[in-house]
Structures are given as C-alpha cells and as structure tokens.
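# Tertiary structure, described
The chain contents come next:
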Amino acid sequence: MNYPLGEYEKDTITSKSGKKLKDITLEEVRNGNVTAEDIKISKETLMKQGQVCRENDNPIMAENMERASELVDVPDDVILKMYNKLRPNRATYEELVLMAQELLEKYKAPRCAKMVLEAAEIYKKRGVLL
C-alpha cells in the first residue's frame, strides 16, 4: 500500500457513497455531481489507513483508524450525543455501559464499545461520573 493513499490509491479509494476518489473533482462539485455523502470517508479507506499505520509501526494510530471505521455508519447526531456523554461529569456509569451496548449491538462497533467501557471504568476510579 502506497501512502499517501489519495495520491497513489486514487483508483481504489471510494467514499462512503461508493464514488471513486478520482471522480471527486472541483469541476464535478461545480457541476452538482458531488453530494455531501460523496465526500464522507468509507470504512474501507479508514481500514486501509490503519493498514498503512501498522506497516509503519504505529499500532496506536492503526487502532484509532479501525475504531473510526466502525463509526462511519453511526448517525452524526448519535456520535455527538456520545461525545458529550464521554466528557467528565456528563454521564453515569450505567449510561456509559448502555452506550457501549448500543455501539456493540445496534452499530456493530466492538472496538468503540470496548473503549467506552474502558472509559467508564477509568471515570469510576477517578470519580468523574454523575
């Protein structure tokens, strides 16, 4: 895999909508042929970025990319709600556990669910839960 992906993998990278990166141009935007969905990143692209990170000895960044790939299909309003709940003193332990459950069961996001459960445990130890 050659990095940067946008330069070397233009023919294989697609957006969330399936549009190829090479087909997302300023001219296509001006012509009204590119929608907001066309510029959202796909799970596959995030996984490819994770692969590049692993190949370059950056496993922590690879894990971040893999978690991000799980969030592609989570609605923006749900992500914002979760973000707010993950701030210190914004949720109860039970709310965080339910959030993790939702991530796992509804959105099939096991890495993200695990991270939320880890945060819940740390918040509990530090006393930063409601």
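Residues numbered from 1 in each chain as written. Predicted model: local features only at pLDDT ≥ 70, side-chain atom pairs only at ≥ 80, totals over all residues. Heavy atoms only, no water.

### Things to note about the packing of aromatic side chains
Describing an aromatic ring pair means giving the distance of the ring centres and the angle of the ring planes. Put simply, the rule reads: Ring pairs shown here join Phe, Tyr and Trp side chains whose ring centres sit within 6.5 Å, with only the six-membered ring taken for Trp; geometry is labelled stacked below 30 degrees between planes, edge-to-face above 60, and tilted in between. Throughout this description, the term charge over a ring refers to an Arg CZ or Lys NZ atom that lies within 6 Å of the ring centre and within 35 degrees of the ring normal.
A full pass over the atoms with the stated rule returns 0 aromatic pairs. The cationic tip of K124 hangs over the ring face of Y93; the distance from NZ or CZ to the ring centre is 4.4 Å.

### Here's the deal with the side chain of T45
Note the cut-off: The numbering of helices and of strands both runs from the N terminus, where a helix is a DSSP run of H or I of at least 4 residues and a strand a run of E of at least 2. Only protein chains enter the calculation, and the probe is 1.4 Å; a residue is then buried if its accessible area is under 20% of its type maximum, exposed if over 50%, and partly exposed in between. Polar contact is the term for a pair of N or O atoms within 3.5 Å; when the atoms are in protein, one must be able to donate a hydrogen and the other to accept it, and sequence-neighboring residues count only if both atoms are side-chain atoms. What makes two residues a contact is simply this: any of their non-hydrogen atoms within 4.5 Å.
Along the chain, the position of T45 falls in helix α3 (residues 43–55). The class of T45 is buried, set by a relative accessible area of 7%. A polar contact of 3.2 Å, which involves the side chain of T45, links it to the backbone oxygen of T14. Those residues in contact with T45 that sit more than four places away from it in its chain are L5, I13 and T14.

### Quick notes on the environment of D11
Its place among the elements puts D11 in the loop between α1 (5–8) and α2 (26–30). C-alpha of D11 to C-alpha of L71: the two residues are 60 residues apart in sequence and 24 Å apart in space. With residues up to four places along the chain from it excluded, the contact list for D11 reads K20 and K22.

### Observations regarding the state of the cysteines
Heads up, the rule is: When two cysteine sulfur atoms are found within 2.5 Å, that pair is recorded as a disulfide.
Taken as a whole, this structure holds 0 disulfides when the rule is applied. Free of any disulfide, C112 has its nearest neighbouring cysteine sulfur in C53, separated by 16 Å.

### Points about unusual backbone geometry
A positive phi is found at D57, a non-glycine position, where the angle reads about 55 degrees. In this fold, D57 is placed in the loop between α3 and α4 (59–71). For K108, which is not glycine, the phi torsion reads 55 degrees and is therefore positive. Turning to its location among the elements, K108 is positioned in the loop between α6 (93–105) and α7 (110–126). Given the relative accessible area of 61%, K108 is considered exposed.

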